[in-house]
Structures are given as C-alpha cells and as structure tokens.
Amino acid sequence: MARLIIVSNRVAVPAEGKDAVSAGGLAVAVKEAFSSYEGLWFGWSGNIRENPSTEPELIDRGSIRYAVLDLSPQDHREYYAGFANRALWPIMHYRIGLGTFSRSDYAGYQRVNQTFAQALAKLVEPDDLIWVHDYHLLPLASELRGQGIANPIGYFHHIPWPAADVFNTLPASGDLLRALADYDLIGLQTDSDVQNLSRNFIDTMRAIPLGGGSMMVDGRRTRIRSFPIGIDVAGFKEAADKAGSNKVVRETMAGLRTRKLLIGVDRLDYSKGVPERMEAVDRFFASNPDQRGNVVYIQITPKSRSEVPEYEQLAREVNEKVGDINGMLGEPAWTPIQYVTKAYPRPVLAGLYRAARVGLVTPMRDGMNLVAKEYVVAQSEEDPGVLVLSKFAGAARQLPEALLVNPYDRFEVAEAIRQALYMPRGERLERWKPMAERMLREDVDWWARCYMTELESFRTVEREPPTTAAAAE
C-alpha cells in the first residue's frame, strides 16, 4: 500500500488505545485519505519547550504513525502567534487594519518551516505522497524541494484566499507566492478563492495559464483547484438522532420550555462576526417586541488564541455586548442571550442544532464554515429549522437555499431571523431538503477522494531533478 504523509501545524495524537481518527478536526477530515494509504502525520506536538529536539518523536497508533516536534517559546511567539495569526490570518480574512507585520516574526515563520522540512525530509520515501494543510505552512514545499524532495506535494488552504490587492499589502507576499508555486496541487475552498489566487499569480508572478487550472509559475507547473471540504454526514446525523438522551441537551430543552431557540457556534475570532450578530439579535428584539420572552439566543464561543492581543480585546467586547443587551432586555424569567465559552463535544452540539429553529452562521468572511453544514445535517427530516448564512462564507456556494445575508447589515440579519422564525413548515422543508441531499453527496469522504485522486495524477508527471545543493550532494 502506498504511503500518504499529512503535514499540519498541530497534530493531536490520540491517547493509546483510542481511535486514531476520533480526535476531531483535521483527523476527521482526512479519515478517508488515511483509509486508502499507510499514514504518517507530521507537525507540531502542541508543546512548548526551551530547547526542543530537532528530531521528531515517533508515535504509532493503529495504522497511523505520528511524527511530532515541539516548539521553543521564540518559535511559538514568532511563527504561530506572530506571523501566522497576526499577519497572515487577518490579511486572508480581508482585515488589513488588523494585520501586524514584523520582520522578526516572518523570520521565525520561515525558520520553523525550514526546521519542519529538514526533519520531515529524513522520513520521506520515494513513493510517498505529501499533503500539507493550511496557512502556517505556505513555504513548506519550497523548503522540502530545497532538501531534494521531488515527490508530489499538495497543499490545501482551509481559509479564504483574498483578492490580489489585499494579499499584496503583506510585505512578504511575493516571497510566499513564489514558495507556493513549489506545490504540485493547490486546493482551495471555492471557485472565488481559485480566481483570486490565479489572478495573483498572473499579475504578480507573470504566471502563464495552461488550462485546466494549471499554470506555469517561474518555470514550474502548478495546478489550482477548488475542493469544498465536507463533514462526516453519517456520523453527525447519528449523533443528532441520539442526542435526546444527552443530559446537557435535555436540560437545555427543559429550560427553554416553549421558547424558540436561535443558536450560534463559533470559535472566538473577529472573522466570525459574533459581536455583529449580537447587534442583529438586539435589532430583532427591538423590531419584534412581541418575541421578547419567546425566543432565546444561545451563543457557544470557545476562547482561542488568547495570547494574541486582538483576541483579548474581542473577548472583552463580546462580554460587554452580552451584558448590555441582557441588561436592557432581560427579565427575571428570561435572558435573551445565553453566552457560553466552554467547548462542547459533537454529540451535544448535534442535539442543540436539532433543537434550534434558527441556525445563525454569519461570519464576516470564512473559508468554508462547517458549522453551517453541521446545522443542516442535524435537522429533523419532519420539521427542520432554518439556516441564516453569511454570503461571505464559503458554504454559501453549496447552500444557496439558506437565507443568505450580508453580516455587515444588522437590519438585514434581524429581518432574516424574523423570516426564519415565521417560516411555514412547507417552505422550511423545501429549502432544507436539497441542502441535506447535497451535503450527503459532497461529504468529507468525497472531498478527500477528489483531492487525493488529483494529487495521485502527479505520480505520472515527469519531473526535472531538483537543482539544489542538497540534490547535488
């Protein structure tokens, strides 16, 4: 059996005896790929140590081997909290004003990618396929080529790729584009992302389009395609079906009584539009006073990246907004917004999604947003709820039957909430059914198979030998 190497910033190694793909996140997303190949998963362990080893720790769990490296405090500060999350993340999400570029952070970003490449190159075998994930590792293929690795290397970008004029505000944009061209296959979430990156290559790198998504960049062929990521539809639907017996779900439903539920589930991030959504809910209650006491909005928002100053500020802003709205509208027997910062497991979320008449997924910008897909899949076939979805989420391309809104317009979102709550069952079914059928066809297994089939095609591509010092040796 051929071997697939998955590379990601963070690797969640399951506990001994646990299912190697039960950890969630990317583990679920690559389940199908690992089922068809021997697997090696390489990346950061999540640990920070003063003097980390440059040799990865190797851990075997079932059919998958994990190879993990620790980061030093400086690496974590510059590579992860610095360049990746204070420069790349905001630029990719069109938040130029929040981007903070530092030459030392960028040097740290390059250094960690080089360290990863040097460690990984020792583990690569001639027939391996390499699949790299997300913006933390944009230069990794270039660094691996510098180590003499000629294997097919693919990249998947989980977040948006912005318009060229936005990306090029980043001082290191030219270097990153040049490095990105060393991937054989670049996967993005939507056709719009593909158009943005392709135009960036053409305008900035003088790339030559070759048809079929391929282009020549600096004398090297690369292919850019959209592969919209899906979810584990069968698993999530089963979780929703069984969620009625879950204690948290039962207690939530008992507390609601006859009230209708609005739900939002997002990581705490300024791209998710949580404060703006709360303002829209406030506007909904202002415009529909008869719904006060009859509707509850639960916002589940686990904290993230608390070491980044912009996220600390966002947490304060959200807390203040919740307090203001509840203080103005709340009554002794009714709290309009229930704000939860703990993370819930999938079975609980599936049950809460099914209980919610309205799913609010209104990011300011998102690569895909799998919460939207989870909400659709979790719904009852007899009495589904309504998805209110930002037109700037990648999922909007696959879920056009949702109520699509501009998240920057709180009046429009408030009106969509009203429309969703009053929508008759017949229309709810008419909107939900094609979305559910599409999610079943285009699930996570479909996504992994499509990507790997494309990456496999590069095995037959005749390659020039690497012209590097490493190759010369």
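The structure displayed is predicted, hence computed values, not measured ones. (Residues numbered from 1 in each chain as written. Predicted model: local features only at pLDDT ≥ 70, side-chain atom pairs only at ≥ 80, totals over all residues. Heavy atoms only, no water.)

**Q** Where do I start with the packing of aromatic side chains in this structure?
**A** When we look at a pair of aromatic rings, we describe it by the centre distance and by the angle of the planes. Applying the stated criterion across every chain, the model contains 25 aromatic pairs. Measuring from ring centre to ring centre gives 5.2 Å for Trp 131 and Trp 447, while their planes differ by 40 degrees; the resulting arrangement is tilted. In this pair, Trp 131 is assigned in strand E5 (residues 129–133) and Trp 447 in helix H17 (residues 444–456), connecting sequence segments 316 residues apart. Across this residue pair, the class does not change: Trp 131 and Trp 447 are buried. An angle of 40 degrees between the planes, with centres 5.5 Å apart, marks the rings of Tyr 270 and Tyr 311 as tilted. With Tyr 270 in the loop between strand E11 (260–265) and helix H11 (274–287) and Tyr 311 in helix H12 (residues 309–329), this residue pair connects regions lying 41 residues apart in the sequence. You can call Tyr 311 buried: its relative accessible area is 2%. Chaining the aromatic ring pairs together yields one cluster made of Phe 42, Tyr 79, Phe 83, Phe 101, Tyr 106, Tyr 109 and Phe 116. Positioned above the aromatic ring of Trp 44 is the side chain of Arg 10, whose terminal nitrogen or guanidinium carbon lies 5.6 Å from the ring centre. In this structure, Arg 365 is placed above the aromatic ring of Tyr 94, and the distance from its NZ or CZ to the ring centre is 3.9 Å. (Phe/Tyr/Trp six-rings, centres within 6.5 Å; stacked < 30°, edge-to-face > 60°. Helix = DSSP H or I, 4+ residues; strand = E, 2+ residues; numbered from the N terminus. Buried < 20%, exposed > 50% of the residue type's maximum accessible area, 1.4 Å probe, protein only. Lys NZ or Arg CZ within 6 Å of the ring centre and 35° of its normal.)

**Q** Whenever I open this one, empty space enclosed by the protein confuses me. Can you help?
**A** With a probe scaled to a water molecule rolled over the atoms, the places where space remains empty come into view. Tallied over the full model, the rule gives two cavities of 30 Å³ or more. Of the voids in this model, the largest cavity is the one considered here, and its volume is about 70 Å³. In this structure, the largest cavity is lined by 14 residues; those nearest its centre are Gly 385, Val 386, Leu 387, Trp 432 and Met 435. Listing elements by their share of the lining of the largest cavity, those giving two or more residues are helix H14 (370–378), strand E15 (386–390) and helix H16 (425–441). Sorting elements by how many residues they give to the lining of the largest cavity places H16 first, with four residues. Split by residue class, the lining of the largest cavity holds nine nonpolar, two polar and three charged. (1 Å grid on protein atoms, 1.4 Å probe; cavity = no way out; pocket = protein on both sides within 12 Å on 5 of 7 lines; lining within 4 Å. Points joined across faces, edges and corners; volume = space filled by probe spheres on them. Nonpolar A, V, L, I, M, F, W, Y, C, P; charged D, E, K, R; others polar.)

**Q** Explain the environment of Asp 269 here, please?
**A** You can see Asp 269 is positioned in the loop between E11 and H11. As a C-alpha pair, Asp 269 and Pro 363 span 94 residues in sequence and 9.5 Å in three-dimensional space. A polar atom in the side chain of Asp 269 sits 3.1 Å from the side chain of Trp 89. (Polar contact = N/O pair within 3.5 Å; in protein donor to acceptor, adjacent residues only side chain to side chain.)

**Q** Quick question: what am I supposed to make of the pairing of strand E14 (residues 358–361) here?
**A** In summary, the side chains of a regular strand alternate between the two faces of the sheet. Burial along E14 is two-sided: Val 358 and Leu 360 facing one way and Gly 359 and Val 361 facing the other are all buried. Sheet analysis places E11 next to E14, joined by two bridges and oriented parallel. From the neighbouring strand, Ile 263 faces E14, where its bridge partner is Gly 359. Once you follow E14 into H14 and on to E15, the crossover reads as right-handed. (Pairing = 2+ DSSP bridges. Right-handed = clockwise from strand over helix to strand, strands pointing away.)

**Q** Where do I start with the sheet that holds strand E1 (residues 3–10) in this structure?
**A** Adjacent strands of a sheet form backbone hydrogen bonds with each other and so pair up, either parallel or antiparallel. A sheet is described by the order of its strands in space; here ten strands give the open sequence E3-E4-E2-E1-E5-E6-E7-E10-E9-E8, paired in mixed fashion. Because the sheet does not close on itself, it has two edges, and the strands there are strand E3 (57–61) and strand E8 (208–211). Going across the sheet, the axis of each strand differs from the next one's by a mean of 25 degrees, ignoring polarity. Across seven bridges, the pairing between E1 and strand E2 (residues 38–48) is parallel. Residue pairing for E2: Leu 4 is matched across the bridge by Gly 39. (Axes fitted to C-alpha atoms, helices over the stretch in contact; angles between N-to-C directions.)

**Q** Before we go on, may I ask you to explain the pattern of salt bridges in this structure?
**A** One side chain can pair with another of opposite charge once the charged atoms of both are near each other. Evaluated as defined, the whole model comprises 31 salt bridges. Put simply, Arg 199 and Asp 203 hold a salt bridge, and the shortest N to O gap is 3.1 Å. With a gap of four residues between them, Arg 199 and Asp 203 both fall in helix H8 (residues 191–205), about one helical turn apart. What makes Asp 203 partly exposed here is its relative accessible area of 39%. (Salt bridge = Lys/Arg side-chain N within 4 Å of Asp/Glu carboxyl O.)

**Q** Teacher, can you tell me more about the environment of Leu 360 here?
**A** Secondary-structure assignment places Leu 360 in strand E14. Put simply, Leu 360 and Leu 262 are 98 residues apart on the chain and 6.9 Å apart in space, counted from C-alpha to C-alpha. Apart from residues lying up to four places away in sequence, Leu 360 is in contact with Leu 262, Ile 263, Gly 264, Arg 277, Val 281, Tyr 297, Val 388 and Ile 417. (Contact = heavy atoms within 4.5 Å.)

**Q** Explain the side chain of Glu 442 to me, please; I cannot follow it from the model alone.
**A** Inspection of the secondary structure assignment puts Glu 442 in the loop between H16 and H17. Within the buried set, Glu 442 has no salt-bridge partner at all; the shortest N-O distance to an opposite charge, 4.8 Å, is to Arg 441. Here Gln 398 takes part through its side chain, which lies 2.6 Å from a polar atom of the side chain of Glu 442. The contacts of Glu 442, once residues within four sequence positions are left out, are Gly 230 and Gln 398. (Lys, Arg positive; Asp, Glu negative; His and termini not counted.)

**Q** Honestly, the nonpolar core in this entry has me stumped. Any pointers?
**A** One broad trend across soluble globular proteins is that nonpolar side chains are buried collectively. In this structure, Leu 88, Phe 116, Trp 131, Phe 201 and Leu 389 are the most contacted members of the largest nonpolar core, which totals 160 residues. If you tally residues by element for this core, the top one is helix H3 (residues 73–92), at ten residues. Beyond its immediate sequence surroundings of up to four residues, Phe 116 is in contact with Phe 42, Gly 43, Trp 44, Leu 69, Leu 71, Tyr 79, Leu 137 and Leu 140. (Core = buried A, V, L, I, M, F, W, Y, C linked by side-chain atoms within 4.5 Å.)

**Q** What is the right way to look at helix H10 (residues 247–256) in this model?
**A** Note that an α-helix has 3.6 residues per turn; residues three or four places apart therefore point the same way. For H10, the full list of buried residues reads Val 249, Thr 252 and Leu 256. The buried residues of H10 occupy an angular sector of 65 degrees when the element is viewed end-on, so they sit on one face. Of the residues in H10, the exposed ones pointing more than 90 degrees away from the buried face are Lys 247 and Ala 254. Structurally, H10 contributes buried residues whose contacts are with E11, strand E12 (295–300) and helix H13 (346–355). Looking at where H10 begins, the residue whose side-chain oxygen comes 2.9 Å from the main-chain nitrogen of Val 248 is Asn 246. (Arc of directions from axis to C-beta.)

**Q** Looking at this model, I keep getting lost on the sheet that holds E15. Mind explaining?
**A** The strand order across the open sheet built from six strands is E13-E12-E11-E14-E15-E16, with neighbouring strands paired in parallel fashion. Every interior strand has two partners, whereas the edge strands, strand E13 (337–340) and strand E16 (403–405), have only one. Averaged over neighbouring strand pairs, the angle between their axes works out to 20 degrees when direction is ignored.

All we've got here are geometric facts, nothing functional implied.
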